[in-house]
Amino acid sequence: MSHAENNNPVVDLEQVQGFRFSAWFGEGLPVWHIDEPEPVGTNSGPTPEQLLAAAAGYCLTASLNFALGKFKQDTGVMKTHAEAVPGRNEEGRKRIAGLHVTITLGRPEASFTQLDRALAQFEDFCVVAGSIRKGIPVKVRVVDSEGKVLKDD
């Protein structure tokens, strides 16, 4: 397993079988299995689309928690529903056309004193959703089993 020397977030993936991969997030963290639904995969773990939705949903929820916490507001137990909306690009290839995230606070609106201020700024603290909204440049490198670079954007 590789580790980033510059403290960038790292995930190491290893193919188990077919479209099922193990994902290591770091020492002491559980190994996840990522897969595709049947008939392509075996549906043994979340899909990449679900992981992207989870990352954006978590980041937005944590950011709202942070924003309300700055005003010493108790959120109660928040719950989030995040959906990756499928679509197609101009070439007809499957893409994520959008992310729909619904955050449910654990307390009624009347119990908050600074809700408007927190709602006006919380999205600015979310690294993931803020990055997705702007478009993420993705650099891809493909290397063979001997370290030979086959593709490097």
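Residues numbered from 1 in each chain as written. Predicted model: local features only at pLDDT ≥ 70, side-chain atom pairs only at ≥ 80, totals over all residues. Heavy atoms only, no water.

**Topic: the overall build of the protein chain**
Helix and strand counts for the protein chain stand at 3 helices and 7 strands. Listing each helix as α and each strand as β along the protein chain from the N terminus yields β-β-β-α-β-β-α-α-β-β. Radius of gyration (C-alpha) of the protein chain: 19 Å, far over the 15 Å computed for a compact globule of 153 residues. The buried share of the protein chain, taken over its 153 residues, is 21%. Charge centroids of the protein chain, computed over 16 positive and 20 negative side chains, lie 5 Å from each other. (Helix = DSSP H or I, 4+ residues; strand = E, 2+ residues; numbered from the N terminus. Rg over C-alpha atoms; globule rule 2.2 N^0.38 Å. Buried < 20%, exposed > 50% of the residue type's maximum accessible area, 1.4 Å probe, protein only. Lys, Arg positive; Asp, Glu negative; His and termini not counted. Charge placed at Lys NZ, Arg CZ, Asp CG, Glu CD.)

**Digging into the sheet that holds strand β3 (residues 32-34)**
Hydrogen bonds along the backbone pair up the strands of a sheet, which may run parallel or antiparallel. One open sheet accounts for 3 strands, arranged β1-β2-β3; its pairing is antiparallel. Both edges of this open sheet fall to β1 (12-17) and β3, since each of them pairs with a single strand only. Averaged over all adjacent pairs, the angle separating strand axes in this sheet is 30°, with direction ignored. Strand direction decides the pairing type here: strand β2 (residues 20-24) and β3, joined by 3 bridges, are antiparallel. The residue bridging Ser22 from the neighbouring strand is His33, located in β3. (Pairing = 2+ DSSP bridges. Axes fitted to C-alpha atoms, helices over the stretch in contact; angles between N-to-C directions.)

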